[in-house]
Structures are given as C-alpha cells and as structure tokens.
Amino acid sequence: MDLGVRWKLHGDGRTPAPGAVVRPDERLSWPRTVGLGAQHVVAMFGASFVAPVLMGLDPNLAIMMSGVSTVIFLLATRGRVPSYLGCSLSFVGVAAVIRAQGGTSATVTGAVFVVGVALFLVGLAVQRFGARIIHAAMPPIVTGAVVMLIGFNLAPVTASTYWPQDQWTALLVMLFTGLAVVCLRGFWSRIAIFLGLLFGYFVSWAFDRIFGKIHSMSPSGKITDHWRLDLSGVSQADWIGLPSFHGPTFQWSAILVALPVVIALVAENAGHVKAVGEMTGDPLDDKLGTAISADGVGSMLSTAVGGPPNTTYSENIGVMAATRVYSTAAYWAAAGFALLFGICPKFGAIVAAIPGGVLGGITVILYGMIGLLGAQIWINAKVDLRNPLNLVPAAAGIIIGVGNVSMKFSDTFSLSGIALGTLVVITGYHALRAFAPAHLKQQGPLLDEGTSRYDDRDPRAKS
C-alpha cells in the first residue's frame, strides 16, 4: 500500500530550477527539508497557539495533537495533499459561548468531538456522492453567512475580555500586526500574527519597566494592580513533560452550539484542496472527501484527549506559494517539530503567559478576518444580495448570530447566537426557496466555477 512516504530527490536537492516546483512526491535534501518543516511550524504558530489559549485549553497539548493530526491527514491522503493541521479558530466563539453557559473544558472538547464526527461523515458522503451534496445543502449564500456570523460573534469577547486589560498595548499590537500583514512580503507576511505576538511581548515588558504595574482588569476578571507580562510560571515549568489530558463530556446544549462550525470547516477544506491542486497542477478533486474525513478523524482524536480541533491552515499554503516547495516530506518534518514542542511544558508556559492586551490587539484583526472570509465566499461565488431569496435569510441569521439573540423553548432547552443564527440561515433559505417564484431561483449552478470540477466524473479519478 502506497502511504505517500517515499519521495524522489528533486534535481540536485538544493535549489529548484527557475520556474520549477517541488511536487508533493519529491523532496530537497534532508537538511533543507527539515528547515522547511520548521518554517511551516513558525507559519502556523501565531494562530495555532492563540486559539487554544482563547479556548482555555492546554497549548502544549494543542501543538502535540496538531502534529498527530497532520500525520493522520498525510497518511489518509496518501501524500498527495500537502497540508498542516493546526488548531481551528472557528471554534473560539463556540468555546466562549459554552463557557459562558457554565461549561468546562471537558464540555467544550465533548461538543467539538461531535463536530469531528459530523465532519468525518460529511467526508464519507462527499466520497460517495460527490461535492454537489455539500453545495446543494449549503450553497455559497448559506456558507458565507455562517462563516460571517461565527467570526463577528466573537466581537464582544475582544471588547469585554481582552482589550480592557491593557488598551494601549492592544492598540499598538493591532497597528503593528496590521502593518505587518499589509506591508511585509512573502513568508514574513504569512507569520504576521506570530510577529504581532513577539511585538506584544516586548511592548508589555517595556511598559512594565517604564510605568510599573497596570491598574486594570486581570485575566480573572477582577480590577487589580498587576504586571502586564507575568513569566513566573515559565521558571516553574519543566523542560520535558507530557501535557495535561482529560476526557470529553457531552451536553446537548453545547453540541448544538458547536455543530454549525462544520459548515466553516467544510468550506476551509474545500478551498484548501482546490488551492493546492491549482498550485501543483495536480487535480485533487478525488481527494476532497478523504481530506474532509481525515480532518474529522484528527479533530476527534485531539478532542478525545482534551485538545482542540484541527483544520487545514492557509498560512502554510502561503509558505508553499512563496517557496514553490510542495513536498509532503516538509510536513512530516513539521509534525515532528510539533510533537517535540508538545512535550516541553516550559514552551507552553511561555504561550500561556501571553498578556491580555496583546490578545486584544491581535483578536481585533483575527476575529474580523474570520468574519470577512464569509464575505469573500460571497464574492467568489458572485452571490446576488439584491435577490431577496439570498438577502433575507442571510440578514436575519447574521443579526441573530452576532447579537446573540436567544429563543427559549423550555426551562432546560434554548438556542441562541451561533446555533440559532445558523439554523435560521439554513432552514430559512431552503424554506423560502421552496415557496419563491421561479424568477428568484434562476441563479447560476449550485457549484461556483472554482469548484464545479469536483463533480466531473473522470474515469481515472479514485474516490
């Protein structure tokens, strides 16, 4: 059985020829491959470490399980889809809602485990019936609206939790990160979040030395005098040790809050597979279902031991585009580095010490970018928002999701925010479409031009 772990040496193994690409089944020399793997780890550092901190989960376990999930993904796709699986930011809002309802870390991971199961089943359905099943149930207007409300639902978290801890540091970090994203080029622009974290650490350290303690809300929510950057936990942490594990618990209320994120993860995976296929010149349509299922399995395994869910990372696509090296050998190296970082508690303590003001500056941009990805889905699919069939369900669902509107059905069951907004978008769209006049339904095919190839049944394709 070909597991995609054999690579041909590309050229002399040093530098690709001008215009050439290093394909997934090729590699450069091992020292260069290991170096590229380290580069991929750095590229995903910012978001992949911020996410578990925001979700209240162990960052050491998060990075360890990201390495495990990446290995599972590479094996499942037989080395044809180069990808790193890191902690998904789409679940940050879900975790915040569950914790606000009194849920624990086990409740969060239990709800997300069910999302992993759903993602796995969606992948199996795509392998069996093709991608049209996704786009029939979740056309771009629905997918874009759900991604948008998930991102913008996080705005109160930044406004009430992180920004008030140190508003001036938050402002400087926001400005620096924004400049890094816009002004830097190539690899450096892809690690702008990571650079923003480093800058925030430095600013917090400098402000502590210049101004002393700050009188503001602490991470615990109390107004106290405290240091912006507290590294006391770093000195107490061991260099080598296993992260903390815990099992999931399952509550229907938490599961219903988390399930809408399946839509965002399916969109992320489809976009990743399409982008990699276009960059490498190797159509990967037959691997879409496998990629989605592998993502689901990786998330199930991670959340089963107390870690966060994982998904494909656009930051790493950017690294591949900049280097033109698509070798899956580099991702195996990246997974190895992740496993090593995962057993270093001191490293996790440094991550856990990220000052609240720094998170405030970064999340302003990060959460907004998540929300605006929904608008990008609409733009790419040429969604017509002048059509009331599109406008009404999207408008209602987004306001419900962003405003955390709640509906109480009984003393023990209610729906609100992300869950209710997603339900309104999906059911509203399909219900209105069933009763809408014919001229409102004449919108283009369910599959946009960029993904229509997924249903072309090539006899050479394997599912």
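With an unreviewed UniProt entry as reference, the protein is termed Uracil-xanthine permease family protein, source organism Streptomyces albidocamelliae. The heading Subcellular location (unreviewed entry) in the UniProt record of the protein holds the text "Membrane". Note on the protein: under the UniProt heading Sequence similarities (unreviewed entry), the record states "Belongs to the nucleobase:cation symporter-2 (NCS2) (TC 2.A.40) family."

## Points about the packing of helix α8 (residues 167–183) against helix α10 (residues 192–211)
It is the contact of α8 with α10, at a shortest axis distance of 9 Å, that shows an interaxial angle of 150°. The angle between α8 and α10 falls in the class roughly antiparallel. Our pair here, α8 against α10, has a crossing hand that is right-handed. Counted together, Trp 168, Thr 169, Leu 172, Val 173, Phe 176, Thr 177, Ala 180 and Val 181 of α8 and Ala 192, Ile 193, Leu 195, Gly 196, Phe 199, Gly 200, Val 203, Ser 204 and Phe 207 of α10 form the full contact between these two elements. Tallied by class, the residues present in the contact of α8 with α10 amount to 12 nonpolar, 5 polar and no charged.

## Digging into the nonpolar core
Ranked by internal contacts, the top residues of the largest apolar core, which has 94 residues, are Met 55, Val 92 and Tyr 367. Here this core gets 9 residues from one element, more than from any other, and that element is helix α13 (residues 261–280). Formed by 5 residues, the second largest nonpolar core is a distinct cluster that contains Val 22, Leu 28, Leu 36 and Ala 330.

## A word on the pattern of salt bridges
Under the definition given, this model contains 5 salt bridges. Two residues, Asp 25 and Lys 8, come together in a salt bridge whose shortest N-O distance is 3.9 Å. Of this pair, Asp 25 sits in the loop between β1 (8–9) and β2 (26–27) while Lys 8 is found in strand β1, placing the two residues 17 residues apart along the sequence. Between Arg 228 and Asp 208 there is a salt bridge whose closest N-O contact spans 3.0 Å. Separated by 20 residues along the polypeptide, Arg 228 in the loop between β5 (223–226) and α11 (232–236) and Asp 208 in helix α10 bring together distant segments of the chain. Taken together, the shared-partner salt bridges in this structure form one network comprising Asp 166, Asp 208 and Arg 228.

Scoring rules and cut-offs
Residues numbered from 1 in each chain as written. Predicted model: local features only at pLDDT ≥ 70, side-chain atom pairs only at ≥ 80, totals over all residues. Heavy atoms only, no water. UniProt positions renumbered as here; feature names shortened; annotations may be inferred. Axes fitted to C-alpha atoms, helices over the stretch in contact; angles between N-to-C directions. Helix = DSSP H or I, 4+ residues; strand = E, 2+ residues; numbered from the N terminus. Parallel < 35°, antiparallel > 145°, perpendicular 65-115°, else oblique. Left-handed = near helix turned anticlockwise from the far one by under 90°. Contact = heavy atoms within 4.5 Å. Nonpolar A, V, L, I, M, F, W, Y, C, P; charged D, E, K, R; others polar. Core = buried A, V, L, I, M, F, W, Y, C linked by side-chain atoms within 4.5 Å. Buried < 20%, exposed > 50% of the residue type's maximum accessible area, 1.4 Å probe, protein only. Salt bridge = Lys/Arg side-chain N within 4 Å of Asp/Glu carboxyl O.

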